[in-house]
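# Report on the structure
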Amino acid sequence: MFTFSAPAKLNLFLHVIGRREDGYHLLQTVFRFIDYSDQLSFRLRTDGIIKLHNPIAGVPEEKDLCVRAAILLKQATGTQQGVDIFLQKQIPMGGGLGGGSSDAATTLLALNYLWKVNLSKQHLLKLGLQLGADIPIFIFGENAFAEGIGEKLTSIKLPPAWYVVLVPPVQVSTAEIFASKDLTRNTIPIKIPPFSVWQGHNDLELPVCRSYSEVAQSLEWLKRQENTTITAMSGSGACVFAEFASEAAAQAVFEHIPDSMAGFMARGLDYHPMQQIVK
Ligand SMILES: C[C@@](CO)(OP(=O)(O)O)[C@H](O)COP(=O)(O)OP(=O)(O)OC[C@H]1O[C@@H](n2ccc(N)nc2=O)[C@H](O)[C@@H]1O
Ligand SMILES: Nc1ncnc2c1ncn2[C@@H]1O[C@H](COP(=O)(O)OP(=O)(O)O)[C@@H](O)[C@H]1O
């Protein structure tokens, strides 16, 4: 059995700058990996069967993104091999932390290696994008400035940081938020370099906060805390986070989260833990 982790991401800012003809939104965002992860274990099979042994409640096995990723890789390479998958979920679902996307990317990276089918990183990036806009970043493997729908990636160096992430008790549908009439779709594009991750905002915050008061309240609470360098929603929510330059500053806020709210603390990573597994 081989075990790999699938880290969560935060969007330090997310600007919606336009729309493609197919309705997908053009974004500018900064992705940062954090040390808060799902775990995926793989046991190889020779009979070609792909089986997820512990499907998530409410997500049928064939719809799970790690199963879909395994099937896609099998089809793309024509391999006759199969795999048993065991998924240990920690990342909240529908939280804007990219958990499902990260599970899919870890599956592509792990099976590309374990099945010895050896597709290039470029090829895996394309396969990942077929499953979701958020998947390429996890294959890219470095914190990045992203454009297009998230597939045009430029690696970016970020300073050490710690995060307090609040997890409001709601799941937000990404499709629903991008369809909202309250969404601003014409933020002025920023140019790189240079730009500051601390001057951005998340255009999806307003429609999410209007529909989900739990998200608005969690964000308001974070904005009242001291020593934060960023307070924002991640992706299409529901999670909101505050960034701190020191662990002690994050810890001080984490210890005072009200009983009515839930959350966790995480450290910002420089690289995806599987970054070296593909060239
Ligand atoms: C908003 C972001 C920011 O990182 O993250 P999450 O909040 O989902 O983590 C992503 O762009 C989400 O990526 P992902 O979750 O993979 O979305 P997808 O499955 O590709 O798309 C779900 C639906 O959202 C809408 N969508 C998604 C991405 C985009 N740039 N424009 C869109 O309009 C489309 O209606 C699409 O059918
Ligand atoms: N392995 C998986 N983990 C989480 N969600 C998954 C997975 N496979 C499919 N999904 C579906 O994807 C949806 C979005 O999941 P997730 O990636 O956790 O949220 P977000 O896109 O907000 O970051 C879930 O509500 C679920 O229906």
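These numbers come from a predicted model, not from an experiment.

### Section: the packing of helix 2 (residues 99–114) against helix 3 (residues 121–131)
- Interhelical geometry of helix 2 versus helix 3 gives an angle of 145 degrees and a closest axis separation of 10 Å. In this structure, helix 2 crosses over helix 3, and the sense of that crossing is right-handed. Along the contact surface, helix 2 presents Ala104, Ala105, Leu108, Leu109 and Asn112, while helix 3 presents Leu124, Leu127, Gly128 and Leu131.
- Taken together, the residues of the contact of helix 2 with helix 3 break down into 7 nonpolar, 2 polar and no charged.

### Brief notes about the nonpolar core
- Membership of the largest hydrophobic core comes to 76 residues, with the highest contact counts inside it found for Cys66, Ala70, Leu108, Ile139, Tyr163, Val240 and Phe241.
- Looking at this core element by element, the count peaks at 8 residues for strand 2 (residues 25–45).
- If you count residues domain by domain, this core takes at least three from each of domain 1 (2–155) and domain 2 (162–192 + 203–267).

### A closer look at the packing of helix 1 (residues 65–77) against helix 2
- Following both chains from N to C, one finds helix 1 and helix 2 inclined at 35 degrees, their axes separated by 8 Å at the closest point. Between helix 1 and helix 2 lies a crossing of right-handed hand. Contacts between helix 1 and helix 2 pair Leu65, Cys66, Arg68, Ala69, Ala70 and Leu73 from the former with Gly100, Ser101, Asp103, Ala104, Thr107, Leu108, Leu111 and Asn112 from the latter.
- Residues belonging to the contact of helix 1 with helix 2 are distributed by class as follows: 8 nonpolar, 4 polar and 2 charged.

### A look at the UniProt feature "binding site: ATP" (unreviewed entry) in the protein
- The UniProt feature table records "binding site: ATP" (unreviewed entry) at Pro92, Met93, Gly94, Gly95, Gly96, Leu97, Gly98, Gly99, Gly100, Ser101 and Ser102.
- Relative to the elements of secondary structure, Gly98 occurs in the loop between strand 4 (82–88) and helix 2.
- For Gly98, a count of 27 C-beta atoms within 10 Å gives the class buried.
- In contact with Gly98, not counting residues within four places along its chain, are Ala8, Lys9, Asp134 and Gly235.
- Position of Ser102 among the secondary structure elements: in helix 2.
- Apart from the residues within four sequence positions on either side, Ser102 is in contact with Ala6, Pro7, Ala8, Asp38, Ile91 and Phe138.

About the criteria used
- Within each chain, residues carry numbers counting from 1 in the order of the written sequence.
- Here the convention is simple: chains get letters from A, ligands get numbers from 1, in the order in which they are written.
- A pLDDT threshold of at least 70 governs which residues receive local features in this predicted model, and a stricter bar of 80 or more applies before side-chain atom pairs are shown or counted, although totals over entire chains, interfaces and linings include all residues.
- Angular values range over 0 to 180 degrees, each being the angle between N-to-C directions of two axes fitted as lines to C-alpha atoms, with helices fitted over their stretch in contact.
- Runs of H or I in DSSP of at least four residues are treated as helices and runs of E of at least two as strands, each being numbered from the N terminus.
- Left-handed is the label given to a crossing in which the near helix is rotated counterclockwise from the far helix by less than a right angle, and right-handed is the label when the rotation is clockwise.
- Placing C-beta atoms from the backbone, we regard two residues as in contact once those atoms come within 7 Å.
- For this classification, Asp, Glu, Lys and Arg are treated as charged, while Ala, Val, Leu, Ile, Met, Phe, Trp, Tyr, Cys and Pro are nonpolar and the rest, including Gly, are polar.
- By convention the nonpolar core is taken to be a set of buried residues drawn from Ala, Val, Leu, Ile, Met, Phe, Trp, Tyr and Cys and joined through C-beta atoms within 7 Å.
- For every residue, the other C-beta atoms within 10 Å of its own C-beta are counted; 20 or more classify it as buried, 12 or fewer as exposed, and values in between as partly exposed. C-beta atoms are placed from the backbone.
- By convention here, the domain bounds are inherited from an automatic or database domain assignment.
- UniProt positions are given in the numbering used here, feature names are shortened, and annotations may be inferred rather than shown by experiment.

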